[in-house]
Amino acid sequence: MAEEREYVLGTGDDELARLGFQHAVWGGYAAEAWEAAGFGPGQRILDVGCGPGYASFDLARLVGRAGHVHGIDLSARFIGHLRGAIEARGVGNMSAEVGDLVTAGLAADSFDGAYARWVLCFVPDPEAAVRAVARALRPGGAFVVQDYSQYSAVQIAPEHPSFHRAVAAVVEAWRGRGGDPHVGAALPAMMERCGLEVTRIRPISRVGRPGTAMWKWPRTFFDNFLPGLVEGGLLGAEELAEFDARWAEWERLPGAFFVSPPMLEVVGTKR
Ligand SMILES: C[S@@+](CC[C@H](N)C(=O)[O-])C[C@H]1O[C@@H](n2cnc3c(N)ncnc32)[C@H](O)[C@@H]1O
């Protein structure tokens, strides 16, 4: 059995569930990007850093039986989950492999399109990753990326220092594992250097208000991730308690809101 390679947020049951909920909240934005990039029936699409494959199944429905979706992810656990779901649902146009997208040796000119959502922000050398994906695309194929361009600019209202403290600890842990929570801003220039013509740059910003799925989205992230930061010494236990107490207040406060960390959607087409 392959050794499990966990990214900074882990690959346990909580993360598996969080990613599923996250896709339910963000899937519409993915579909819009795929349409803008011309993804459609009969194509071969690579789902880069597919995780447990929540977006991969939507892509497989989009390309239909004449097309194919291939997922690649570092995590043997996530890929095991995806393969199990492919088998259980009897889906014939999907495959998945465990691997590092940078070193996996994806076959050249073999995909009509590729999609990476919240993956490049965790890769220590995102330019090498973009180059590997660009190589795997056929000329004219599109690489669609949705990723944070300035994670630290996430906002909550009313403001409170405990929120910024928690976000700073998240960013420190993330960078400590070689990721870049601002990677989106560097992507267009990176794509151009890797032989992709940037055909679309779209900022994405969303608001969540208590009681909505968009409000619950960051909470599921903080629930999963902050306790580990306390164990790792990046956040004090009392700081986490203060954060939780404030969150409970915001939850009950008419007019409280959350603004998602600025994201960019970037599409690059292979020359
Ligand atoms: C936040 S999850 C996003 C999963 C999926 N793209 C989605 O939007 O639901 C990030 C994923 O990137 C994967 N990942 C990180 N670095 C990778 C690499 N170098 N090669 C392949 N997968 C990677 C992680 O294992 C994890 O499953």
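Residues numbered from 1 in each chain as written. Predicted model: local features only at pLDDT ≥ 70, side-chain atom pairs only at ≥ 80, totals over all residues. Heavy atoms only, no water.

As recorded in an unreviewed UniProt entry, the protein goes by the name Methyltransferase domain-containing protein, listed as coming from uncultured Gemmatimonadota bacterium.

J.: Looking at this structure, I do not really get the pairing of strand S1 (residues 44-48). What am I missing?
T.: The side chains of a regular strand alternate, residue by residue, between the two faces of the sheet. A large share of S1 lies buried, amounting to four of its five residues. When S1 meets strand S2 (residues 68-73), the two strands line up parallel, connected through five bridges. Paired with Arg44 across the bridge in S2 is His68. Each parallel crossover has a hand, and the one from S1 via helix H2 (residues 54-63) to S2 is right-handed. Bridge count for S1 against strand S4 (residues 111-117) is three bridges, and the pairing is parallel. Looking at the pairing, Ile45 lines up with Gly113 of S4. (Buried < 20%, exposed > 50% of the residue type's maximum accessible area, 1.4 Å probe, protein only. Helix = DSSP H or I, 4+ residues; strand = E, 2+ residues; numbered from the N terminus. Pairing = 2+ DSSP bridges. Right-handed = clockwise from strand over helix to strand, strands pointing away.)

J.: I tried to follow the packing of helix H4 (residues 126-136) against helix H6 (residues 183-193) on my own but got confused; where do I start?
T.: A pair of packed helices can be characterised by two numbers: the angle between their axes and the separation between those axes. Put simply, H4 and H6 touch, their axes get as near as 10 Å, and they point 45 degrees apart. Regarding the angle of H4 to H6, the classification is oblique. The crossing of H4 and H6 is right-handed. Packed against H4, whose contacting residues are Pro126, Glu127, Val130 and Arg131, the element H6 presents Val183, Leu187, Met190, Met191 and Arg193 at the interface. Classifying every residue of the contact of H4 with H6 gives six nonpolar, no polar and three charged. (Axes fitted to C-alpha atoms, helices over the stretch in contact; angles between N-to-C directions. Parallel < 35°, antiparallel > 145°, perpendicular 65-115°, else oblique. Left-handed = near helix turned anticlockwise from the far one by under 90°. Contact = heavy atoms within 4.5 Å. Nonpolar A, V, L, I, M, F, W, Y, C, P; charged D, E, K, R; others polar.)

J.: Sorry, what's going on with the pattern of salt bridges here?
T.: In a structure, side chains of opposite charge can pair up when their charged atoms sit close to one another. Summed over all chains, the structure comprises 17 salt bridges. Note that Arg18 and Glu15 form a salt bridge whose closest N and O atoms lie 2.8 Å from each other. You can see Arg18 and its partner Glu15 sitting in helix H1 (residues 13-37), three residues apart, about one turn around the helix. Exposure remark for Glu15: the relative accessible area of 3% places this residue in the buried category. Put simply, Arg202 and Glu265 hold a salt bridge, and the shortest N to O gap is 3.0 Å. (Salt bridge = Lys/Arg side-chain N within 4 Å of Asp/Glu carboxyl O.)

J.: It is not clear to me how the site of the ligand should be interpreted in this structure. Could you clarify?
T.: As a matter of local geometry, the ligand sits amid 16 residues, with Tyr7, Gly49, Asp73, Leu101 and Arg117 nearest to it. Leu74 is positioned with one of its backbone polar atoms (N or O) 3.2 Å from a nitrogen atom of the ligand. Computed on the free molecule, the ligand has an accessible area of 590 Å², of which 97% lies beneath the protein chains in the complex. Split by residue class, the shell around the ligand holds ten nonpolar, three polar and three charged. (Near = heavy atom within 4 Å. Polar contact = N/O pair within 3.5 Å; in protein donor to acceptor, adjacent residues only side chain to side chain. Areas by Shrake-Rupley, 256 points an atom, 1.4 Å probe, with all protein chains shown as cover.)

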